[in-house]
Structure formats: structure tokens, C-alpha cells
Amino acid sequence: MSPRDLTHGPFTLPPLPFAEEALAPVISAKTLSFHHGKHHKGYVNNLNELIKDTDFAGLALEEIIAKTHGDEKAKKVFNNAAQVWNHSFYWNCLSPKATQPSKDLGDAIARDFGSLEALKKELKAKSTDHFGSGWGWLVIEGGKLKVKDTRDAETPVAAGTSCLLTVDVWEHAYYLDYQNARKDHVDALVEKLLNWDFASQNFAKAK
Ligand code: MN
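Residues numbered from 1 in each chain as written. Predicted model: local features only at pLDDT ≥ 70, side-chain atom pairs only at ≥ 80, totals over all residues. Heavy atoms only, no water.

Position of D112 among the secondary structure elements: in helix 4 (residues 103–113). For D112, a relative accessible area of 17% gives the class buried. Here L145 takes part through its backbone nitrogen, which lies 2.9 Å from a polar atom of the side chain of D112. Setting aside its immediate chain neighbours within four residues, D112 contacts K144 and L145. (Helix = DSSP H or I, 4+ residues; strand = E, 2+ residues; numbered from the N terminus. Buried < 20%, exposed > 50% of the residue type's maximum accessible area, 1.4 Å probe, protein only. Polar contact = N/O pair within 3.5 Å; in protein donor to acceptor, adjacent residues only side chain to side chain. Contact = heavy atoms within 4.5 Å.)

Let us look at the domain arrangement of the protein. Domain assignment breaks the protein into domain 1 (3–16 + 27–92) and domain 2 (103–206). Summarising the inter-unit geometry, the C-alpha centres of domain 1 and domain 2 are found 20 Å apart. Between domain 1 and domain 2 the total buried area reaches about 2,000 Å² when both faces are included, carbon and sulfur atoms providing 67% of it. At the boundary of domain 1 and domain 2, one finds zero salt bridges. (Domains from an automatic or database assignment. Buried area = accessible area lost by both parts, 1.4 Å probe. Salt bridge = Lys/Arg side-chain N within 4 Å of Asp/Glu carboxyl O.)

Bound to the manganese ion on the protein side are H35 (NE2), H87 (NE2), D168 (OD) and H172 (NE2), at distances that span 2.0 to 2.1 Å. Site description for the manganese ion: donor spacing in sequence, H-x51-H-x80-D-x3-H. Across this residue pair, the class does not change: D168 and H172 are buried. (Donors = N, O, S within 2.8 Å, 3.2 Å for Na, K, Ca; no water.)

Below is the structure:
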């Protein structure tokens, strides 16, 4: 049996990179089991169903996202493909152990935000204040680190932007644990769970 080619569909649900209980109390096992096992899995299943026997079936996930972005007729494919990418990326942005930016990323943070504290403050504010469902991001645009937010399934990778970190602010990411208190969830996640090792790897690849 040859190893399956993961660059195109049918896509599979990647396992969580940590145990379901590992992020409690910031994110409970119950939230993770629904978020990963129902929501993320649902996007994967929907996408596979939508692209079956179409030209998209032979394409990599990021190609599907780029090709369908802004195309009203392909909106369902875009939404599900983008949510598959966003969630697969998001799990890697979380870590049960404390991490720190690499020297290189730390220097870029100091250059573009003044300090790690200032970056965290901006990421918390953008994520908390985002209206409705969406995502908060740390990205590189034009050689500079930037915090931004996107609505619904929208993702910076659609435009080929390099992403370092993301925060899921759809209600399904926190409602079981925090109900309407998005700010409390975002503050705890940014302070305790962000995986700066992963952000540093993404930064090194993006340079
Ligand atoms: Mn989500």
C-alpha cells in the first residue's frame, strides 16, 4: 500500500495535535469534541461531497480556496474548503504548554508592534470586537506583521498571504464554556494557549 497523497481530495480530518482534555480549563474537552469532531469534520465531509467528480477533485486545498474565492457560484465549495484549512491551521495554533516566539519572530514583533504585549492586546481586541462569526489573525503582509480579522469562512490564504496564527471567534469555539463572554475566551486563549513555536515556524517559512 502506498502512502496516500494528501495534496488533493478526498480530504481527511486531521487528528488534534493534543489530547481533548489538554487545553482545559481554557477550552474544555467537550468544546473540542464538538468543534473538531462535529464542526471541522462536517466541513471536511461537505467539501468531499461538493468536489466529488468535479474539476476540484484533483486540486490541493489551497488551490481550491484560491480558485473559488469571490465566485458566487462556487461559494459553498469556498466556504467549506476555507473552513477546512482554517480549522486545520487553528488546532496547530494552540498548545497546552507555554511557548515563546523565536529570536527572529520576537525581533519582528518588536519592530512592528513595539512589544509582544502590544501585539497580544491588538489580537485580543480585533478578535473580541469582530462582529459576528469569523477569525482573528496574525499575518505577514508586505513584509510586515499585521493583525487582522476576517468574516465567516474568509481566510488570508485565499490571497496567498502568509498566516502565523489564528483565533476562531465563531460562537461554536467558546459557547459551551463561556456562553456569550467572547472576551473572556479570547483573553484566556491568547494568554495561555497560543503556540508561538508554530508561529515561529510559519514566520521562518514565510521569509
Ligand atoms: Mn470553528
